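Descriptive structure summary
Listed below, chain by chain, are the residues.
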Amino acid sequence: IDFMSLFVLSNAVLFAAGYKFYYKGEFSGKAKLAEFYRLGLSIFVINSSAGLALTADKFFVNHYFTLALANSYTFAWALAAPVFYFGNVIERAIYTIENKNNLKNVLIKSSLGQMVLVLIYGAGVSYVVYYFPQVLPKSVSYEYMRVIVPVMIAGYGVYSIFHFPLNGVLMKFSPGRVQERIAFYYTIAIALFIGIFFVLKGRVGEINYLTLLGIIWVYLFSLLFIKAKIIKV
């Protein structure tokens, strides 16, 4: 079975079925429908910008690093990924708020709760990696893992603690013009990041995994700063 073709075909069928029964409501006019898609494009840019960096990250690692390092880096990412799941739960909690007056209280509690989860998870995983290396796959390097895992969980953990609450506030309470403004600046940041990525391809010998992580985090935290600044404004 060609799973990629099946995936594309199934999405086309689902789109056709959904569009047939789609209730347009206030977006029934052409002008309103254009506004709807413009806002949807802004949300797409906002929500996919971080994923772009993570995809580029894996592409760079798997193509330009040694096999042992690439395996270790990819496996470390699999161990770090749950910090994003913690953040998703927090973001969904913000979506359930009906009264904006409760927002500050929910944000404080959710951020503290997420911080505790990240600390417990990061400490637990790092402890296993350090003291029970026999549980690691043979395809990964213990020397790499004992450095990459705590650093990666710490960086992505801090990012997720701030990103997901902010994103919840943006999607739940911010007007469309704010989302469009953020998407505009995100597009500029994405273009700059793509340019940096191509420069890195020509200087592979000067890049190690910690440098690569640092570059990814500069990009992600720049997006975070843009979002926080505009929402505040």
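It should be noted that the structure appears before, not after, this text.
Note that the structure is a prediction, hence the values are computed from the model and not measured.

Quick look at the side chain of Ser111 now. Following the sequence through the fold, Ser111 ends up in helix 5 (residues 103-131). Setting aside chain neighbours within four positions, we find Ser111 in contact with Ile161 and Pro165.

Right, let's talk about the packing of aromatic side chains for a bit. Evaluated as defined, the whole model comprises 19 aromatic pairs. Through a chain of ring-to-ring contacts, the aromatic side chains of Trp77, Phe84, Tyr156, Tyr159, Phe164, Trp217 and Phe221 assemble into a single cluster.

A few words now on helix 3 (residues 67-80). With 14 residues, helix 3 extends 20 Å from end C-alpha to end C-alpha; this agrees with the ideal 20 Å at 1.5 Å per step. Every buried residue belonging to helix 3 is among Leu69, Ala70, Ser72, Tyr73, Ala76, Trp77, Leu79 and Ala80, and all of these are buried.

In this structure the tally under the stated criterion is 3 salt bridges. When the shortest N-O distance is used, the salt bridge between Lys58 and Asp57 registers 3.2 Å. A relative accessible area of 15% means that Lys58 is categorised as buried. A salt bridge links Glu91 to Arg92; the nearest nitrogen and oxygen atoms lie 4.0 Å apart. Here Glu91 falls in the buried class, since its relative accessible area comes to 5%. Classification of Arg92 by relative accessible area gives partly exposed; the value is 46%.

What follows covers the layout of surface pockets. Of the volumes computed, that of the largest pocket is approximately 260 Å³. Lining of the largest pocket is provided by Leu107, Ile108, Ser111, Met115, Ile161, Phe162, Pro165, Leu166, Val169, Ala228, Ile231 and Lys232. Put simply, the parts of the chain that give the lining of the largest pocket at least two residues each are helix 5, helix 6 (142-173) and helix 8 (209-232). The dominant element in the lining of the largest pocket, judged by the number of residues it contributes, is helix 6, at 5 residues. Considered class by class, the residues forming the lining of the largest pocket number 10 nonpolar, 1 polar and 1 charged.

Turning next to the nonpolar core. Counting residues in hydrophobic clusters, the biggest one holds 55 residues, and the most contacted among them are Tyr73, Met145, Val149, Met152, Tyr156 and Leu220. Elements that contribute at least two residues to this core include exactly helix 2 (30-64), helix 3, helix 4 (82-95), helix 5, helix 6, helix 7 (176-201) and helix 8. Considering each element in turn, this core owes the most residues, 11 residues, to helix 8. Not counting the four nearest positions on each side in its chain, Leu220 is found in contact with Ala50, Ala53, Tyr156 and Tyr159.

Where helix 3 contacts helix 6, the axes come no closer than 9 Å and their chain directions differ by 40°. As summarised for this structure, helix 3 and helix 6 are arranged oblique, according to the angle between their axes. In this structure, helix 3 crosses over helix 6, and the sense of that crossing is right-handed. Counting all contacts with helix 3, which are made through Ala68, Leu69, Ser72, Tyr73, Phe75, Ala76, Trp77, Leu79 and Ala80, the residues of helix 6 involved are Tyr144, Met145, Ile148, Val149, Met152, Ile153 and Tyr156.

With respect to the element layout, Asp57 can be found in helix 2. Overall, the relative accessible area of 0% leaves Asp57 in the buried class. A polar contact of 2.8 Å, which involves the side chain of Asp57, links it to the side chain of Tyr73. Once you skip the residues sitting within four places of it in the chain, Asp57 turns out to touch Tyr73, Tyr156, Leu212 and Ile216.

Inspection of the entire model under this criterion finds 1 cavity of 30 Å³ or more. Size it by volume and the largest cavity reaches roughly 40 Å³. Forming the walls of the largest cavity are Ala56, Asp57, Phe193, Ile196, Phe197, Leu200, Leu212, Ile215 and Ile216. Sorting the residues of the lining of the largest cavity by element identifies helix 2, helix 7 and helix 8 as the ones contributing at least two each. Each residue belonging to the lining of the largest cavity can be placed in one class, and the counts come to 8 nonpolar, no polar and 1 charged.

Calculation notes
Residues numbered from 1 in each chain as written. Predicted model: local features only at pLDDT ≥ 70, side-chain atom pairs only at ≥ 80, totals over all residues. Heavy atoms only, no water. Helix = DSSP H or I, 4+ residues; strand = E, 2+ residues; numbered from the N terminus. Contact = heavy atoms within 4.5 Å. Phe/Tyr/Trp six-rings, centres within 6.5 Å; stacked < 30°, edge-to-face > 60°. Expected span 1.5 Å × (residues − 1). Buried < 20%, exposed > 50% of the residue type's maximum accessible area, 1.4 Å probe, protein only. Salt bridge = Lys/Arg side-chain N within 4 Å of Asp/Glu carboxyl O. 1 Å grid on protein atoms, 1.4 Å probe; cavity = no way out; pocket = protein on both sides within 12 Å on 5 of 7 lines; lining within 4 Å. Points joined across faces, edges and corners; volume = space filled by probe spheres on them. Nonpolar A, V, L, I, M, F, W, Y, C, P; charged D, E, K, R; others polar. Core = buried A, V, L, I, M, F, W, Y, C linked by side-chain atoms within 4.5 Å. Axes fitted to C-alpha atoms, helices over the stretch in contact; angles between N-to-C directions. Parallel < 35°, antiparallel > 145°, perpendicular 65-115°, else oblique. Left-handed = near helix turned anticlockwise from the far one by under 90°. Polar contact = N/O pair within 3.5 Å; in protein donor to acceptor, adjacent residues only side chain to side chain.

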